[in-house]
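Listed here are the chains, written in short residue letters.
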Amino acid sequence: EDQVTQSPEALRLQEGESSSLNCSYTVSGLRGLFWYRQDPGKGPEFLFTLYSAGEEKEKERLKATLTKKESFLHITAPKPEDSATYLCAVQTNSGYSTLTFGKGTMLLVSP
Amino acid sequence: NAGVTQTPKFRVLKTGQSMTLLCAQDMNHEYMYWYRQDPGMGLRLIHYSVGEGTTAKGEVPDGYNVSRLKKQNFLLGLESAAPSQTSVYFCASSYAYLGTVPSYEQYFGPGTRLTVT
């Protein structure tokens, strides 16, 4: 059974304090790993797709990386507007029409 | 482009009542999905469709039915609502070609908050 585990469940940072969120996965064959941002009361918003170990993607203060067992979402010098829940999801070679989501990391950045 | 839209945004039902949630997308996506999101449970897939006229069960399909009569629309029905179906429901769509490369990222609607009393 495909499993996606995100840690920590919640993270509180001061503005400017860089950190990383973790997404570890156990799947039969990874086709793609997706990161989303979800603000309270809204639907998840797509951020990145990573396909192979060693791949990196960046967007403003966010950088996503991928290894054979996990992905990291690095947040550099975060601002309060980065506060949100970050979700990761995996797509496998055997079930590429669906994604398996982790439960998310709730990030709060204080000014 | 409106992206993915959901109707209604909020709904309160009494146990045993029925209702239909409507999802529409204007991105010409082949795949569409219905999820529910509950505190501590994350996003769970209810049903999905890989094309017009086709549907498949997800992780938590019991108590729900779906139909995809048109490519752009995906309906979620509750025939006899139960308090356990109180949740936030999200529709999503995916799969299109970016040039010659298939893209599978899912795009989500704003959600429907359903309360069953």
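Refer to the structure above for everything that follows.
None of these values were measured; they are calculated from a predicted model. (Residues numbered from 1 in each chain as written. Chains lettered and ligands numbered in written order. Predicted model: local features only at pLDDT ≥ 70, side-chain atom pairs only at ≥ 80, totals over all residues. Heavy atoms only, no water.)

Caption draft 1: Focus on the overall build of chain A. Scanning chain A for helices and strands turns up zero helices and eleven strands. The order of α-helices and β-strands along chain A, N terminus first, is β-β-β-β-β-β-β-β-β-β-β. A compact globule built from 111 residues should have a C-alpha radius of gyration of about 13 Å, and chain A, at 13 Å, falls within 12% of that. Principal-axis analysis of the C-alpha atoms places the extent of chain A at approximately 45 × 30 × 20 Å. Per-residue burial over chain A gives 49% buried out of 111 residues. Surface accessibility of chain A: about 5500 Å² in total, with carbon and sulfur atoms responsible for 47%. (Helix = DSSP H or I, 4+ residues; strand = E, 2+ residues; numbered from the N terminus. Rg over C-alpha atoms; globule rule 2.2 N^0.38 Å. Buried < 20%, exposed > 50% of the residue type's maximum accessible area, 1.4 Å probe, protein only. Areas by Shrake-Rupley, 256 points an atom, 1.4 Å probe, with all protein chains shown as cover.)

Caption draft 2: Spatial organisation of the interface of chain A and chain B. Chain A puts 18 residues into the contact, and the matching count from chain B is 20 residues. Between chain A and chain B, a total of about 1500 Å² is buried, with carbon and sulfur atoms accounting for 59% of that surface. For the pair chain A and chain B, the number of links is zero salt bridges. Looking at the side of chain A that touches chain B, the elements that each hand over two or more residues are β4 (30-38), β5 (45-50) and β9 (84-92) of chain A. The element best represented in the side of chain A that touches chain B is β4(A), accounting for four residues. Tallied by class, the residues present in the side of chain A that touches chain B amount to eight nonpolar, seven polar and three charged. (Contact = heavy atoms within 4.5 Å. Buried area = accessible area lost by both parts, 1.4 Å probe. Salt bridge = Lys/Arg side-chain N within 4 Å of Asp/Glu carboxyl O. Nonpolar A, V, L, I, M, F, W, Y, C, P; charged D, E, K, R; others polar.)

Caption draft 3: Spatial organisation of the state of the cysteines. Residues and elements named next belong to chain A. Within this structure, the stated rule accounts for two disulfides over all chains. Two residues share a disulfide in this structure: Cys-23 and Cys-88, whose sulfurs sit 1.9 Å from each other. Its torsion about the S-S bond being 70°, the disulfide of Cys-23 and Cys-88 is classed as right-handed. Of this pair, Cys-23 sits in strand β3 (residues 19-26) while Cys-88 is found in strand β9, placing the two residues 65 residues apart along the sequence. This pair shows no difference in class: Cys-23 is buried, exactly as Cys-88 is. (Disulfide = S-S within 2.5 Å.)

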